[in-house]
Amino acid sequence: MKISRREALGTMAVAAAGLWVAPSTGGAEEPAKAAPFEVPALPYGFDALEPHLDAETMRIHHDKHHAAYVARLNEAVAAAPVLAGRTVEELVGGLERVPESVRTAVRNHGGGHLNHTLFWASMKPGGGGVPAGRLASEIAAAFGSQESFVERFTAAALGVFGSGWAWLAVGARGELAIEATANQDSPLAAGRRPLLGLDVWEHAYYLRYQNRRAEYVKAWWNVVDWTAVAARLGPARA
Ligand code: MN3
C-alpha cells in the first residue's frame, strides 16, 4: 500500500507525539501550561528584594530578558507543530524528542523560561535564613550542614565560567545534589529536578555588582524563599 507524503508525515507526527512521557512538574508551583507560553507575573514588586537585588535589574531581567526567552520559545513551538500542547518541563526534559530544526532554540529559550520561572518563585522579600523540616535535615545529611551546603553551592555558582546557573536538584535516586549548568541548560535535561537555582549570568547582577559576582551571590542568600524551595521536595520525587 502506498501512502501519500502528507499521510506519512501525519503518521510520523502522531508517532513522535506518542513518545512523550508523562509530564513532570520540574518544581513549578503553577499548573503546567502549554504554548503560547507567558512570562509569569512577579509575586512581589521590582523593588521588593532591595537592597540585595536592585529594582532596575529586576525590571530588566523580568520584563526584557525573561520576556525574550518566552517570545523565542513561542516562535520555536510555532515552527514545530508537533510540540503543540507540551509544557515547558516536557520540552526541556525531552530535548531528544524535539525536532532538530528547533532543538537548540527550545534548549536555550525553553530553558530560559523554565529557569527564570523557578528563579522568581525562589525568592521573596524578607527571605533568607535557613530551611526548616525535612529539607533542613536532608541538606544536613547530604552536605554535612546548612553552612557547608551554602559554601558548596556558592563555590558552584562562582565556578561557572561565563553564563550559567548553580542548582540544588534532586537526582534520579532521590538524592540531593549541587550542580552547575552552562547558559540556560536545566538539570531537568539530565533527569534531575531543580529545587533551587541561582542565575549567574551577568545580566542578573551587573548593574549593582558589576564584576563582583561573589557579592551578588552572598546577597542573594538573603532573599531565598526556603518555604517555596522545601515545597518542591515532595513533587520532585513524585
Ligand atoms: Mn537571567
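A. Local environment of the pairing of strand S2 (residues 176-182). Relative to S2, strand S1 (residues 164-170) runs antiparallel, the two sharing seven bridges. Note that in S2 the partner of Leu-168 across the bridge is Ile-178. Counting the residues between successive antiparallel strands, the hairpin from S1 to S2 contains five residues, one of them, Gly-174, with a positive phi of roughly 85°.

B. A look at the pattern of salt bridges. Here the structure, examined in full by the defined rule, presents 12 salt bridges. Measuring nitrogen to oxygen at the nearest pair gives 3.2 Å for the salt bridge that ties Arg-86 to Glu-90. An identical accessibility class is assigned to Arg-86 and Glu-90; each is buried. For Arg-192, the salt bridge goes to Glu-179, with nearest N and O atoms at 2.7 Å. With Arg-192 in the loop between S2 and strand S3 (193-199) and Glu-179 in strand S2, the pair connects residues that are 13 residues apart, well separated along the chain. Residue classification places Arg-192 among the partly exposed residues on the basis of a relative accessible area of 28%. Here the salt bridges do not stand alone but share partners, grouping Arg-134, Glu-138 and Arg-237 into one network.

C. Here's a closer look at the coordination of the manganese ion. For the manganese ion, every protein donor is listed as His-61 (NE2), His-116 (NE2), Asp-199 (OD) and His-203 (NE2), and the spread of their distances is 1.9 to 2.1 Å. Read N to C, the donor residues that coordinate the manganese ion are spaced as H-x54-H-x82-D-x3-H. Look at Asp-199 and you get buried, because its relative accessible area is 0%.

D. Representation of the side chain of His-66 in the model. Tracing the chain through its elements places His-66 in helix H2 (residues 55-79). Dropping the residues within four chain positions of it, His-66 is found in contact with Val-39, Pro-40, His-61, His-113, His-116, Thr-117 and Trp-120.

E. Structural context of the nonpolar core. With 43 residues, the main nonpolar core has Met-123, Tyr-216 and Trp-220 as its most contacted residues. Looking at this core, the element that brings in the most residues is S1, giving five residues. Residues lining this core come from more than one domain, with at least three contributed by each of domain 1 (55-120) and domain 2 (133-237). Here Tyr-216 is in contact with Leu-53, Phe-119, Leu-198, Asp-199, Val-200, Ala-204, Tyr-205 and Tyr-209, once residues within four sequence places are set aside.

F. How the structure looks around the side chain of Glu-90. With respect to the helices, strands and loops of the structure, Glu-90 is situated in helix H3 (residues 88-93). The exposure class of Glu-90 is buried, given its relative accessible area of 9%. Polar contacts involving the side chain of Glu-90 include one to the main-chain amide nitrogen of Thr-87, which spans 2.9 Å.

G. Highlighting helix H5 (residues 133-143). Looking at H5, one finds that the buried residues are Leu-135, Glu-138, Ile-139 and Phe-143. Here the buried residues of H5 occupy an arc of 105° about the axis, which is enough to place them on one side. What points out from H5, more than 90 degrees from its buried face, is the exposed set Gly-133 and Ala-141. Of the surrounding secondary structure, the elements contacted by the buried residues of H5 are helix H6 (146-158), S1, S2, S3, helix H9 (226-231) and helix H10 (233-237).

The rules we used
Residues numbered from 1 in each chain as written. Predicted model: local features only at pLDDT ≥ 70, side-chain atom pairs only at ≥ 80, totals over all residues. Heavy atoms only, no water. Pairing = 2+ DSSP bridges. Helix = DSSP H or I, 4+ residues; strand = E, 2+ residues; numbered from the N terminus. Salt bridge = Lys/Arg side-chain N within 4 Å of Asp/Glu carboxyl O. Buried < 20%, exposed > 50% of the residue type's maximum accessible area, 1.4 Å probe, protein only. Donors = N, O, S within 2.8 Å, 3.2 Å for Na, K, Ca; no water. Contact = heavy atoms within 4.5 Å. Core = buried A, V, L, I, M, F, W, Y, C linked by side-chain atoms within 4.5 Å. Domains from an automatic or database assignment. Polar contact = N/O pair within 3.5 Å; in protein donor to acceptor, adjacent residues only side chain to side chain. Arc of directions from axis to C-beta.

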